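Here are the chains, one letter per residue:
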Amino acid sequence: MAEVVLEHVYKRFGSVTAVQDFNLQIDDEEFMVFVGPSGCGKTTTLRMIAGLEEITEGTCAIGDRVVNDVPPKDRDIAMVFQNYALYPHMNVHQNMSFGLRLRKTPKDEIERRVREAAQILQIEHLLDRRPRELSGGQRQRVALGRAIVREPKVFLMDEPLSNLDAKLRVEMRASISKLHRRLGVTTIYVTHDQVEAMTMGTRIVVMKDGLIQQVDSPINLYDKPKNRFVAGFIGSPAMNFMVGTVEGDRIKSGQFDVKTDELLSQKLQGYNGKKVYLGIRPENIGLEGYTTIPERDNVIQANVDVVEPLGAETHLIASVDGEASIVARVDPHAEVRAGDKVKLFADVKFLHAFDLDTEVNLRFS
Amino acid sequence: MSLRRLSTTTLIQLLLIFNTVMVLYPIWVMSLSSFKSTREIFRNPFGLPESFNLDNFIKIWQQTNFPLYFRNSVVVTSGSIVLILILGIMAAYALGRYQFRGNELLYLFFLSGLMLPLRLALIPLFIELKAFGLINSHLGLIFIYAAQGLPSAVFIMTGFLRTLPSDLENAARIDGASELQILLRVMLPLTRPALVIVSIYNLVPVWNDFFFPLVFIQSENLKTLPLGLTVFMGQYSTDWAVLFAGLTAAAIPVIVLYVILSRQFIAGLTAGALK
């Protein structure tokens with residue numbers, strides 16, 4: 001039973017503000033992911049919740065208790081570190097039981113919990129090994145095991161998968177999700193990888209420069225990004241941005257001329273004659289002759305620079321107006337070569353427009 | 001190209017061999033002499049002894065105070081090293097792993113001890129020890145050696161502790177360890193290579209020191225080996241055979257310890273490096 005509530009949290013290092021006015025309520029049993037580019041303050045926030053960094057201003061509460069002045073060991077949390085931080089001189093069993101031994105847990109209780117965690121993580125055969133005799137994935141499991149045996153109220157995970165190779169990362173991603181479902185412990189997970197964030201989180205906090213940009217479920221972040229940063233950060237390949245001028249219910253520039261739907265054109269009323277960023281995801285762009293997109297008057301003229309066949313789909317990297325480079329996901333059997341001039345159609349329902357200065361998404365403003 | 005490299009390697013090898021001979025030959029002569037009688041030493045100073053009998057060693061062990069001196073040296077040396085390690089790791093841990101005001105200044109203060117020879121402060125040291133009633137006692141010697149060894153110990157261990165990942169400390173902190181437990185149960189086992197270097201670094205000078213026992217020790221039964229062995233050098237005649245046997249016997253434990261510790265040190269350096 002533990003919620004984590006952060007209210008008006010600030011972290012300053014000297015004159016540098018690392019985290020600004022952070023407000024968040026994390027529900028019990030939730031899997032919350034903090035995502036953002038490096039230096040955005042996500043790890044600092046996690047370390048403040050862990051008690052490894054002091055909170056400059058504001059409050060942090062775990063359960064019903066404000067923990068600003070509670071030392072890490074009394075916060076009832078467990079943390080998994082990016083570099084695992086296993087104790088090199090102890091074997092796996094000792095690593096996992098260290099916290100319990102310090103807390104004078106009865107021997108048979110320690111034994112039971114370690115066996116159980118080892119069984120869940122399938123590391124029973126490794127209990128006598130030292131960390132240096134383990135592979136990266138095994139070390140990661142031990143680090144998780146060390147957190148599990150403590151049976152804490154909250155799990156904190158700081159980029160736990162970033163030291164693993166790509167294949168193992170996908171595997172471990174699924175195991176951590178499964179683990180969370182099984183144990184139902186509130187989890188806060190920090191990553192810079194938006195795929196990890198999307199696949200694992202029940203909700204995601206997108207951060208940039210110490211500020212929360214948006215907090216929402218993965219699908220809402222994808223469909224309804226609040227600003228240009230979130231729109232560009234979530235989704236792969238990233239959303240395309242082009243500068244165009246609003247003319248009535250259309251946004252135009254030299255090489256494109258697209259119609260906006262009713263909702264967006266309403267929001268754009270005050271922007272007539274002004275420039276905005278037009279945003280459209282690669283999957284909402286169709287290639288002439290190979291698309292089911294119905295509208296034929298949302299045209300983007302583009303020059304194909306690179307063709308990337310991926311098998312299931314092909315990515316066209318093309319330039320528009322000689323500057324903006326856009327990516328389109330098209331039919332893998334489309335016959336297009338680098339250097340071709342092509343006609344692309346944009347799906348009107350999925351067009352976004354962003355203010356040039358505030359970068360706010362006008363569709364949802 | 002490869003010929004030149006070969007000749008450079010050869011040159012380096014020759015230099016090293018020369019150096020080895022320079023260092024080992026006196027020890028060799030000392031060891032051989034310990035098996036000779038005084039008369040034989042003068043007749044045949046560098047040759048092999050007539051027989052490898054242990055008469056001289058038996059003599060120093062049974063007829064002189066050598067066992068007493070030896071025990072005193074062990075007490076003083078081990079006491080000093082234990083004190084250096086305990087105080088050194090505590091100071092180095094604070095300096096290396098906590099950030100506080102004056103941290104660097106305090107560190108430099110410890111380092112300044114490296115530059116000041118303790119012997120220059122002999123008279124104040126004497127007055128101070130006298131005030132504490134520590135003249136003519138092993139404890140007085142141990143305190144002096146600890147003070148002498150502390151700067152290098154702090155220097156070596158602070159540098160080492162700074163290289164250990166801070167997440168290890170954080171992990172232990174979240175696991176519920178107190179600061180002392182973090183030091184003793186997580187950091188200390190990992191600091192073993194540094195502890196060994198500090199021990200090696202202090203072992204030989206303290207074991208061999210003649211100066212401080214000479215000044216501070218008066219009672220025969222408190223003398224350490226280097227001081228005690230001078231008894232064998234008489235004003236008019238010296239029993240060289242016994243002296244060499246004493247010197248050899250005094251050198252053996254340090255050499256053995258040195259070999260054991262260096263093994264440990266190398267093992268510590270390479271642990272985990274090879275997967």
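Cut-offs applied
Residues numbered from 1 in each chain as written. Chains lettered and ligands numbered in written order. Predicted model: local features only at pLDDT ≥ 70, side-chain atom pairs only at ≥ 80, totals over all residues. Helix = DSSP H or I, 4+ residues; strand = E, 2+ residues; numbered from the N terminus. Buried ≥ 20, exposed ≤ 12 C-beta atoms within 10 Å, placed from the backbone. Contact = placed C-beta atoms within 7 Å. Core = buried A, V, L, I, M, F, W, Y, C linked by C-beta atoms within 7 Å. Domains from an automatic or database assignment. Nonpolar A, V, L, I, M, F, W, Y, C, P; charged D, E, K, R; others polar. Pairing = 2+ DSSP bridges. Axes fitted to C-alpha atoms, helices over the stretch in contact; angles between N-to-C directions. Expected span 1.5 Å × (residues − 1). Arc of directions from axis to C-beta. pLDDT = per-residue confidence, 0-100.

## Structural notes on the overall build of chain A
The helix and strand tally for chain A stands at nine helices and 20 strands. Across its three principal axes, chain A shows a C-alpha extent of roughly 75 × 45 × 35 Å. Buried positions account for 41% of the 365 residues belonging to chain A. Long-range pairs, those at least 24 residues apart, make up 66% of the contacts in chain A between residues at least 6 apart in sequence.

## Thoughts on the nonpolar core
The biggest cluster of nonpolar side chains holds 143 residues, and the ones touching the most others in it are V33, M79, L156, I188, A328 and A353 of chain A together with M157 of chain B. When residues in this core are grouped by element, the largest group, eleven residues, is from helix α7 (residues 138–163) of chain B. The contacts of M157 of chain B, once residues within four sequence positions are left out, are G88, I89, A92, T191, A194 and V198 of chain B. If you look at the next biggest cluster of nonpolar residues, it comprises 14 residues, including L225, L229, F244 and A250 of chain B.

## Some thoughts on the domain arrangement of chain A
Residues and elements named next belong to chain A. Taken domain by domain, chain A consists of domain 1 (4–233) and domain 2 (242–364). Computed over C-alpha atoms, the centres of domain 1 and domain 2 are 38 Å apart. Taken together, the contacts link seven residues of domain 1 with eight residues of domain 2. For the side of domain 1 that touches domain 2, the per-class residue count stands at three nonpolar, one polar and three charged.

## Notes on the sheet that holds strand β9 (residues 203–208) of chain A
What holds strands together in a sheet is hydrogen bonding between their backbones, with the strands either parallel or antiparallel. All names here are of chain A. Ordered in space as β6-β7-β8-β3-β9-β10, the six strands form an open sheet in which the pairing is mixed. The outermost strands of the open sheet, each flanked by one partner alone, are β6 (77–80) and β10 (211–216). If you compare each strand with its neighbour and ignore which way they point, the axes differ by 15° on average. By the bridge criterion, five bridges tie strand β7 (residues 154–158) to strand β8 (residues 186–191) in an arrangement that is parallel. If you follow M157 over to β8, its bridge partner there is Y189.

## Some words on the interface of chain A and chain B
Taken together, the contacts link 18 residues of chain A with 16 residues of chain B. For the side of chain A that touches chain B, the secondary structure elements donating two or more residues are β6 and α2 (92–102) of chain A. Looking at the side of chain A that touches chain B residue by residue, the classes come out as twelve nonpolar, three polar and three charged.

## Side note on the environment of E109 of chain A
Residues and elements named next belong to chain A. Here E109 shows up in helix α3 (residues 107–121). Judged by C-beta crowding, with 11 C-beta atoms within 10 Å, E109 ranks as exposed. On a C-alpha basis, the gap between E109 and M48 in space is 31 Å, while along the polypeptide they are 61 residues apart.

## As for helix α5 (residues 166–183) of chain A
Residue and element names in this part refer to chain A. With 18 residues, α5 ought to run about 26 Å at 1.5 Å a step, and its terminal C-alpha atoms sit 26 Å apart, in line with that. When α5 is considered as a whole, its buried residues turn out to be M172, I176 and L179. The buried residues of α5 all sit within an arc of 60° when viewed along its axis, so they share a single face. Away from its buried face by more than 90 degrees, α5 exposes A166, K167, E171, A174, K178 and R181. In this structure, the buried side of α5 is in contact with α3, α4 (136–148) and α6 (194–200).

## A few points about the domain arrangement of chain B
By domain assignment, chain B separates into domain 1 (2–43) and domain 2 (64–232). Summarising the inter-unit geometry, the C-alpha centres of domain 1 of chain B and domain 2 of chain B are found 33 Å apart.

## What to know about the confidence of the model for chain B
All names here are of chain B. On average, residues of chain B score 87 in pLDDT, and 94% of them are at 70 or above. In the model of chain B, helix α13 (residues 240–270) stands out as the element of lowest mean pLDDT, 81, in contrast to helix α4 (residues 66–97), which has the highest, 94. If you check the scores for this complex, the pTM reads 0.81 and the ipTM reads 0.82.

## What about the pairing of β10 of chain A?
Residue and element names in this part refer to chain A. Inspection of the sheet shows β9 paired to β10 by five bridges, in the antiparallel sense. Each residue of the ladder has a partner; that of K208, found in β10, is L211. Taking the residues that link successive antiparallel strands as the turn, the β9-β10 hairpin has two residues, and the phi of D209 there is positive, at about 50°.

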